[in-house]
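# Survey of secondary and tertiary structure
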Amino acid sequence: MDEMEADPVLVAPLRRTTWRFYVMCAGLLAVVALGVYAYVTQLSGGLAVTGLNDTISWGIYISNFVFFIGISHAGTLISAILRVTNADWRRPITRMAESITVIAIAIAAVFPLIDLGRPDRLLNVFAYGRLQSAILWDFLSIATYLTGSILYLSLPMIPDAAILRAKHSLGRFRNFLYNLLAKRWTGSRRQKMGLEKAIGIMAIVIIPVAVSVHTVVSWIFGMTLRVGWHTAIYGPYFVVGAIFSGIATLLIAMAVFRRVYHLEKYITVKHFRNLGLLLLALDIVIIYFTLSEYLTAAYGAEEQDVAWLNALWTGPFSLLFWSMVVGGFVVPAFLLSWRRTRTIGGIVAAAILIDVAMWVERFLIVVPSMATPQVPFDWGVYQPTWVEWSITAASFAAFALLYAVFSKVFPIVSMWEVREESQAPAPAPSVEGEVPA
Amino acid sequence: MADSEQDELADIDAGRRRFLKVATAGLAAGALGVLFSDKILEVFGATPLDTRAVSGTDAQWVMLIDLAKCDGCGQCTAGCRDAHFVPQGQEWITVFKVQDELGAQYFLPRPCMQCENAPCLKVCPVGATFRRDDGVVFIDHNRCIGCRYCMAACPYSARSFNWGEPAHTPAEMAHAYSIEEPWPHRKGTVEKCMFCAHRAKEGKLPACVAACTKEMGNGAIYFGDLREDAVSNGVETLPLAETLAKRGGFRFKSELGTKPRVWYLPPRR
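Reading guide: rules and limits
Residues numbered from 1 in each chain as written. Chains lettered and ligands numbered in written order. Predicted model: local features only at pLDDT ≥ 70, side-chain atom pairs only at ≥ 80, totals over all residues. Helix = DSSP H or I, 4+ residues; strand = E, 2+ residues; numbered from the N terminus. Buried ≥ 20, exposed ≤ 12 C-beta atoms within 10 Å, placed from the backbone. Contact = placed C-beta atoms within 7 Å. Pairing = 2+ DSSP bridges. Axes fitted to C-alpha atoms, helices over the stretch in contact; angles between N-to-C directions. Nonpolar A, V, L, I, M, F, W, Y, C, P; charged D, E, K, R; others polar. Domains from an automatic or database assignment. pLDDT = per-residue confidence, 0-100. Expected span 1.5 Å × (residues − 1).

## Thoughts on the overall build of chain B
In terms of regular secondary structure, chain B is built from ten helices and eleven strands. Expressed along its principal axes, the backbone C-alpha trace of chain B runs to roughly 100 × 45 × 35 Å. Looking at chain B residue by residue over its 269 residues, the buried ones come to 40%. Within chain B, residue pairs in contact and separated by at least 24 positions form 58% of the contacts whose partners lie at least 6 positions apart.

## Observations concerning the sheet that holds strand β10 (residues 237-239) of chain B
All names here are of chain B. The five strands are arranged β10-β9-β8-β1-β11 in an open sheet whose pairing can be described as mixed. Looking along the sheet, the strands with just one partner apiece sit at the ends: β10 and β11 (262-265). Mean inter-strand twist for the sheet, computed between neighbouring axes without regard to direction, equals 30°. Strand direction decides the pairing type here: strand β8 (residues 221-225) and strand β9 (residues 230-232), joined by three bridges, are antiparallel. Counted as the bridge partner of aspartate 225 is alanine 230 from β9. Its contacts with the sheet put helix α10 (residues 240-247) on β1 (61-66), β8, β9, β10 and β11, and the angle it makes with β10 is roughly 70°.

## Some points on the pairing of strand β2 (residues 94-99) of chain B
Residue and element names in this part refer to chain B. Pairing geometry for β2 and strand β3 (residues 105-110), over six bridges, is antiparallel. What sits directly across from lysine 97, in β3, is phenylalanine 107. If you look at the hairpin formed by β2 and β3, you'll find five residues sitting between the two strands, and glycine 103 has a positive phi there, around 90°.

## Description of the interface of chain A and chain B
Tallying the contact residues gives 36 residues for chain A and 36 residues for chain B. For the side of chain A that touches chain B, the secondary-structure elements that each account for two or more residues are α6 (124-128) and α7 (134-154) of chain A. Looking at the side of chain A that touches chain B, the element that brings in the most residues is α6 of chain A, giving four residues. For the side of chain A that touches chain B, a count of residues per class yields 18 nonpolar, twelve polar and six charged.

## Describing the domain arrangement of chain B
When cut into domains, chain B gives domain 1 (2-35) and domain 2 (51-265). Its C-alpha centre places domain 1 of chain B at a distance of 56 Å from the equivalent point of domain 2 of chain B.

## A look at the confidence of the model for chain B
For chain B, the average pLDDT comes to 90, and 94% of its residues sit at 70 or higher. Complex prediction metrics read pTM 0.90 and ipTM 0.90.

## A few points about the environment of leucine 205 of chain B
Residues and elements named next belong to chain B. By the secondary structure assignment, leucine 205 is in the loop between α8 (197-201) and α9 (207-216). Remark: the alpha-carbon pair of leucine 205 and phenylalanine 195, spanning ten residues in sequence, is separated by 9.2 Å. Apart from the residues lying within four places of it in its own chain, the contact partners of leucine 205 are Arg199, Ala210, Phe223, Ser232 and Gly234.

## Things to note about helix α11 (residues 234-260) of chain A
One turn of the α-helix equals 3.6 residues, which is why residues spaced by three or four share an orientation. All names here are of chain A. Between its first and last C-alpha, α11 extends 38 Å over 27 residues, near the 39 Å set by a 1.5 Å rise per residue. The element α11 is largely enclosed, with a buried count of 20 among its 27 residues. Histidine 262, located one to two residues past α11, shows a positive phi value of around 55°.

In structure tokens, the structure reads:
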């Protein structure tokens with residue numbers, strides 16, 4: 001087979017764009033524009049236009065930050081772990097996962113800035129940054145993670161860029177990008193070995209970086225003396241939660257791209273089932289961590305812990321809490337373990353439930369702890385305003401938009417990697433036997 | 001073929017050498033920057049950290065609040081507000097009504113605790129919150145970026161935020177901002193009690209102490225210097241250590257290890 005030959009199915013999304021795509025982009029852009037308008041409102045009126053107050057001084061901006069950082073673990077961590085463990089079935093989904101990572105970190109990183117009272121003084125972080133502050137740890141680890149993830153996403157794009165640059169004329173902008181990546185790519189044995197080595201190194205390097213990122217995000221909360229936050233479980237809890245929501249997001253993306261770009265040949269039931277089982281495993285770990293966290297607090301029954309738990313279990317946050325536990329953790333566990341619901345539809349439904357629940361979880365991490373009185377005082381009340389909801393909607397729209405545009409600039413399935421899989425002599429190992437679709 | 005591969009190798013080598021050179025130079029520059037950051041900041045006119053922390057006194061300011069005397073009138077809050085033009089919606093000293101376990105009610109005024117081991121100070125990403133050598137924890141409102149991590153970290157909920165542009169008064173606007181007397185108040189920054197360190201410099205008691213004494217004749221809030229082991233409400237002066245020992249003095253949430261510079265005497269049963 002010709003090295004430079006590409007499957008027309010994979011190139012098709014780059015060559016042809018339907019009117020539906022433009023309509024979708026216009027819709028997403030409109031939502032982003034609403035978010036920009038909301039932010040301009042906030043810039044002039046200050047954070048007073050939000051529902052935040054002196055008691056609950058962090059709200060859904062910080063929840064979104066934690067959520068998107070979590071989503072970002074889809075990518076790099078999943079694809080890196082699967083690469084390191086030589087799971088060959090990963091090949092068609094690695095790029096989908098890695099691009100989620102880069103886009104999600106970029107969006108997550110904006111939220112702390114949106115939450116700043118004085119965004120005009122952002123540069124003070126460079127001028128006066130204190131390494132003693134967990135915010136600086138975040139700053140450094142997220143910057144490292146973003147850089148590493150961009151590298152880890154771009155390296156495997158080099159051979160694809162070479163193919164596209166040589167065989168297809170896709171306009172000046174895309175050719176510029178392909179040239180940037182693959183100008184000196186000849187496909188020689190030496191270059192290929194170098195590339196494989198570089199990808200291998202990045203796959204290993206990115207794992208501790210990804211773990212550190214979500215650990216450090218959890219430490220922002222964990223390092224304070226607040227009820228519900230000041231616990232050692234937060235680091236691992238956040239990391240597992242991040243991979244959990246990351247896989248769920250990847251599954252949703254797989255279903256969408258498979259349908260829209262007709263990738264049934266590449267993304268098969270096997271991929272959904274394998275990732276579905278990984279998701280199930282993490283779901284069980286999340287249930288275990290949730291139990292550990294709340295039981296430890298409830299059994300000791302310190303005054304503040306009891307107040308906080310009551311707010312979650314029977315108080316103002318109980319509807320959200322129980323919906324999250326039952327609808328987002330328990331129901332998906334059944335959907336993912338029953339053979340009859342372990343279909344693409346069932347797995348994607350579980351993934352959607354999990355993603356919603358994980359957003360709620362981030363909200364329940366940030367807000368109830370702040371609402372619980374630390375001094376003899378009334379409970380804090382927080383009702384996000386239209387400004388906060390608009391900016392939140394805009395972030396999700398921006399995520400979808402960037403992801404859609406990315407799939408028009410680079411093939412969303414790595415062309416050279418799936419070819420190498422089909423040429424591999426040994427059959428690809430899988431978690432369970434081949435199942436007819 | 002061999003030739004082109006040779007060229008490729010040479011290319012890679014040259015590239016690597018270039019990368020190493022640039023990376024080494026960059027790292028060296030970065031290291032020098034960190035080592036001499038104070039000097040560099042000085043060149044650009046920024047205030048070095050140390051000068052902010054110099055109070056010019058040897059005092060260690062402390063406060064003692066006698067809960068047996070506090071009747072919850074709120075004059076301390078009002079006096080503080082008037083003295084600092086405290087923005088609407090904020091209270092730098094708040095009086096909480098507390099129901100104790102035996103059903104008795106008492107009042108608990110809460111200023112900033114000026115913790116020796118201040119959680120707010122630890123978490124500040126830009127050093128806007130700092131502790132002066134007289135024990136007072138200050139906020140530099142020209143440096144604060146408004147991330148509100150300090151508010152999340154403070155176990156006493158002693159900090160407030162200017163969520164919007166605070167409502168200003170002409171008298172407030174006529175004043176020149178300083179860290180000790182931080183008004184006009186600034187939008188998007190965090191505020192709190194600073195033990196009226198500017199008044200202490202002039203030999204005056206904090207505004208809340210003065211207001212409390214004026215209201216009650218013999219006030220519930222005492223202020224003084226830890227080194228002198230004496231606190232005063234303007235009418236009487238108490239020996240601090242002896243009073244604390246004799247009357248069961250305590251610090252709010254002392255189990256947290258924050259080491260507040262505010263002591264309390266228990267309420268009457």
